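Close look at the chain arrangement
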Amino acid sequence: MASHDTIPLGAPPVGLRGAVSGARTCDTTGLPVCLTAQKFIQFNAVSAVVCLLVGGIAALLLALTRWPAVHLLPAQWYYRILTLHGFNMLIFWILFFEVAILYFVSTTLLNSRLASKGTAWTSFLMMVAGAGMVEWTTLTGRSDVLLTSYTPLQAHPVFYLGIILVAVGTLIGVGNFFATLYIARRDRTYSGSVPLVVFGATAAAIIAVVTLLHGAIVMIPTFLWSLGLMGAPDPAWYRLIWWGLGHQSQQVNVCAMVSVWYLLGTITTGAKPVNQAVCRGAFVLYILFINLASAHHLLVDPAMGTSWKIWNTSYAMYLAVLASMIHGFTVPASIEVAQRAKGYTKGLFGWLAAAPWGNPGFSGFFLSLLIFGFIGGITGVTLGTQQINIIAHNTLRIPGHFHATVVGGTTLAFMALTYYVVPLLFQRDFHAKALARVQPYLFAAGIVTMSLGMSFAGSYGVPRRHWDIDFTGAAYTPGFDAGAHLMLGIMGVGAVLAFTGLLLYVLLTVAAVFFGPRIQGRAMTPWHVERAAAAPTHAADEHHMPGTTVLVGILLLSFVIYYFANWKALADVWGVR
Amino acid sequence: MSIHTPPADWFKPPTGAERAWIGLALVWCLIMSMAMPYWAVKGKQNSSGEAYRVEPADFSARVDRFVAAHKVGELDGQPVVEPTPGGDAYLLGRMWAWYPILKLRQGQTYRVHLSALDLQHGFSLQPMNMNFQVLPGYDHVLTLTPTSTGEFSIICNEFCGIGHHLMTGRIIVE
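Along every chain, residues carry numbers that run from 1 in the direction the sequence is written. Labels follow written order: the first chain is A, the first ligand is 1, and so on. Reporting of local features is limited, given that this is a predicted model, to residues whose pLDDT is at least 70; pairs of side-chain atoms are given and counted only at 80 or more, and all residues count toward the totals for whole chains, interfaces and linings. The basis for the side-chain values is all heavy atoms of the structure; hydrogens and waters are excluded.

Numbering goes from the N terminus for both helices and strands, where a helix is a DSSP run of H or I of at least four residues and a strand is a run of E of at least two. Counting its secondary structure elements, chain B contains two helices and 12 strands. Put simply, chain B runs from its N terminus to its C terminus through helices and strands in the order α-β-α-β-β-β-β-β-β-β-β-β-β-β. The globule rule used here is 2.2 Å times the number of residues to the 0.38 power, and the radius of gyration it is set against is calculated over C-alpha atoms. In terms of overall size, chain B is more extended than a compact globule, its C-alpha atoms giving a radius of gyration of 24 Å where 174 residues would be expected to give roughly 16 Å. Taken over the C-alpha atoms alone, chain B extends approximately 80 × 35 × 30 Å along its principal axes. For chain B, with 174 residues in total, the buried portion stands at 57%. Throughout, a residue-residue contact means that at least one pair of heavy atoms, one from each residue, lies within 4.5 Å. Sequence-distant contacts, at least 24 apart, represent 58% of the contacts inside chain B between residues at least 6 apart. Exposed residues in this analysis have more than 50% of their type's maximum accessible area, buried residues have under 20%, and partly exposed residues fall in between, with area computed by a 1.4 Å probe over protein chains only.

Dropping the structure here:
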């Protein structure tokens, strides 16, 4: 594999026999593409990118308001745009993209057709209608309740109805995915076990069902209350069930993101899992142990006891964290083994240095892996420690954490995937490829800067979701340390960078999808051509991965230091029980 | 290949570095699991979630009785209230203020009752950076022992409407 012009997929897939009717054969990969699935992948992906742009513009306005030197928006619009940002980024962009991923992996990778066109229409139209309703109530000031809409804050009934429609629409799309898995197995379109990526996507879909059911349980009574048909849902009950939706949906994102890591690892470097049983086992751990995570948001709540909090936040001995630590090893290990087999054997990290860093599909995915692991993962587990949460709850440390997981992690991985989705499924080539090669770095640098700014500002006690930390007009005006203001400035600079990266992504994608050179009938132009490497000096060893071992060693060391530093910080505050 | 069906014999136990990492990660997960129960017993900072149902109007009446019984002065028009060491103190969150100003003694322990009159609020003590959730209908009891002296501010860190940023309060420790 010294040099090639196609995606390094290796030997023709085992078990793929012939193409299904209503499908085309991909000119690049030779994989079958169901045309109905392709259409809905396109619809969902385009909707996702539109929501990303809306949420991104909102993000810029918010950052320029939280940056004290700028303080752009008036208070009312700050909270309104914050509501808009949360829904577009965390819900609409992600869910539309995930439905697209589910349709893709269940058809193309299983050589199957999409189970139902009508169901796909129903799902898509419900999601679009629901999203439109939420956008409308939010922009017209009828739902200034933020993403969480904690009772007894109340919004317009159309707002709750919109959320219900999005949740049920997504659930129907997930149902279509399961139906496709079923017909693929029934019609024997493949033999043996499903590919790892399909397995991971299935884990995401299973968690999504549990998550979306929580959404229905909490939103239906809240909707009825907004219509005056019943009393207000109890605020503690609402928080418990809402976070069954709010936090678990992030676990859906983790599963989808890890699946995309495996997918892009294979597409960009030809990597294959070192041990499939380990990778699949880790996905099973997610399914079994992730669904208690709503406790993360209730660690300093009244009415939940110590043992309840400890048990639920550690997901039963942190077995879901173990799952992420396993993927954090297996993903780079598969890249290292693949690269070493090509002859990139120099030193500990020669394989990594020789990786295709100019290919945005690779750089985006690997940066996503690093940001998720080193920043998002470590902070998340630490802040979700029962007692440590006392010095973190509702401060900017929390968004500092999750912008490193869901933005630096999931969103960046989805962006990286787009650099293959457009040529392979829209059959259009990108313009301005040099800019595309820079885009993941720009976005990653912005998100990392912003996330660190938020985290450190939060360590000074700066609250999240707060219009003015100078408390202008309050009867009594506390002040924050100058360091906190500096950190908010760093957050602002990072946000501007990240927004530039986001805008570049949207412009490149839209330009390619609508105006890109058509590439029907020929293979996509590869993002990189493998350099000729020295031939392997010794037989490739599938278990030789010293670079990965050092990388995860550094990760664990950073984790341990950050974790115990936080216990130390906690020990310095007042006694409380 | 992650995107192709795996060979039939894919189910294998992990070996080598991968196996060692899984073991090491599991040990770390167990250490983290043990840290929380350990701190719940030995540590001085815990969130036990002690709480009682209370009607907002009843809680408000209890706050008023507490202020009347223990008021020791006024600051910027707000009552300053000094509870008995070892006894109960009350703090009400409402749109948009924390009421009243509490005066505590260093090293003494108080049962501070937190509740909200209207919406959810976030008790955030600065610059200590200690944070607790405050819900209407729940009397959230913090058994609090101030270990440093000075004037501390309370801000709200749960969104409670357009005047959220105006919601401040104070605890004075001597």
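There's plenty left to go through after this.
A word on the overall build of chain A. If you tally the helices and strands in chain A, you get 16 helices and three strands. Scaling as 2.2 N^0.38, a compact globule of 577 residues should have a C-alpha radius of gyration of about 25 Å, and chain A matches this with 23 Å. Considered along the principal axes of its C-alpha atoms, chain A spans approximately 70 × 55 × 45 Å. A separation threshold of at least 6 residues defines the contact pool for chain A, and within that pool the share at least 24 residues apart is 83%. Only the protein chains shown count as cover for residues, with accessible areas throughout obtained via the Shrake-Rupley method and a probe of 1.4 Å. Summing over all exposed atoms, chain A offers an accessible surface of approximately 18600 Å²; the carbon and sulfur share of this is 70%.

What follows covers empty space enclosed by the protein. Gaps between atoms show up when a probe of the same size as a water molecule is rolled over them. Residue and element names in this part refer to chain A. A cavity here means a set of 1 Å grid points, computed over protein atoms only, where a 1.4 Å probe fits but cannot escape. A pocket is an open set with protein on both sides within 12 Å along at least 5 of 7 lines, and lining residues have an atom within 4 Å of a point. Grid points are joined across faces, edges and corners, and a volume is the space filled by probe spheres set on the points. Enumeration over the complete set of coordinates arrives at eight cavities of 30 Å³ or more. Of the volumes computed, that of the second largest cavity is approximately 260 Å³. Forming the boundary of the second largest cavity are 21 residues, of which Phe-104, Leu-417, Val-421, Leu-424 and Leu-425 lie nearest the centre. Contributing elements (two or more residues each) for the lining of the second largest cavity: helix H1 (35-66), helix H2 (75-107), helix H7 (248-269) and helix H13 (397-426).

Moving on to the layout of surface pockets. Residues and elements named next belong to chain A. Approximately 410 Å³ is the volume attributed to the second largest pocket. Lining the second largest pocket are 18 residues, with Arg-397, Phe-456, Ser-459, Tyr-562 and Asn-566 positioned closest to its centre. Among the elements of the structure, helix H12 (360-383), helix H14 (433-459) and helix H16 (546-571) are those that each provide at least two residues to the lining of the second largest pocket. Among the elements that take part in the lining of the second largest pocket, H16 stands out by supplying five residues, more than any other. We call Asp, Glu, Lys and Arg charged. Ala, Val, Leu, Ile, Met, Phe, Trp, Tyr, Cys and Pro are nonpolar, and the rest, Gly among them, are polar. When the residues that make up the lining of the second largest pocket are grouped by side-chain class, the tally is 11 nonpolar, six polar and one charged.

All names here are of chain A. Each Phe, Tyr or Trp ring, with Trp reduced to its six-membered ring, pairs with another whose centre is within 6.5 Å; inter-plane angles below 30 degrees give stacked pairs, above 60 give edge-to-face pairs, and intermediate values give tilted ones. Tallied over the entire structure, the rule returns 44 aromatic pairs over all chains. Ring plane angle 85 degrees and centroid distance 5.1 Å describe the contact between Phe-40 and Trp-121, whose orientation is recorded as edge-to-face. Placement of the pair is Phe-40 in helix H1 and Trp-121 in helix H3 (residues 117-139), with a sequence separation of 81 residues. What makes Trp-121 partly exposed here is its relative accessible area of 31%. Aromatic pair Tyr-563 and Phe-564: ring centres 5.3 Å apart, planes at 80 degrees, arrangement edge-to-face. A relative accessible area of 0% places Tyr-563 in the buried class. You can call Phe-564 partly exposed: its relative accessible area is 40%. Each member of the aromatic cluster is reached from another via a ring pair, and the members are Trp-93, Phe-97, Phe-414, Tyr-419, Phe-430, Tyr-505 and Trp-527.

Between its first and last C-alpha, H16 of chain A extends 38 Å over 26 residues, near the 38 Å set by a 1.5 Å rise per residue. Taken together, the buried positions of H16 of chain A are occupied by Gly-547, Thr-548, Leu-551, Val-552, Leu-555, Leu-556, Phe-559, Tyr-563, Asn-566, Trp-567 and Leu-570 of chain A. A helix is expected to span 1.5 Å multiplied by its residue count minus one.

The next subject is a nonpolar patch on the surface. Taken together, the side chains of Met-317 of chain A together with Leu-26, Leu-30 and Met-34 of chain B make up a nonpolar region of the molecular surface, amounting to roughly 330 Å² of accessible area. Among the structural elements, Leu-30 of chain B can be located in helix H1 (residues 16-42). Patch definition: residues with relative accessible area over 30% and no salt bridge; like charges joined within 9 Å; nonpolar side chains (Val, Leu, Ile, Met, Phe, Trp, Tyr) joined within 5 Å. In the sections that follow, a salt bridge refers to a side-chain nitrogen of Lys or Arg positioned within 4 Å of a carboxyl oxygen of Asp or Glu.

What follows is about the sheet that holds strand E9 (residues 130-134) of chain B. Residues and elements named next belong to chain B. At least two bridges found by DSSP between two strands is the condition for calling them paired. The strand order across the open sheet formed by seven strands is E2-E3-E6-E12-E11-E8-E9, and the pairing between neighbours is mixed. Each of the sheet's edge strands pairs with one partner strand only, and the pair in question is strand E2 (71-75) and E9. Averaged over all pairs of adjacent strands, the angle between their axes in this sheet comes to 25 degrees, without regard to strand direction. Taken together, the four bridges between strand E8 (residues 121-126) and strand E11 (residues 150-156) define a ladder with antiparallel strand orientation. Among the inter-strand pairings, Phe-123 is bridged to a residue of E11, identified as Cys-156. Axis angles are defined between N-to-C directions and span 0 to 180 degrees, where every axis is a line fitted to C-alpha atoms and, for a helix, only to the segment in contact.

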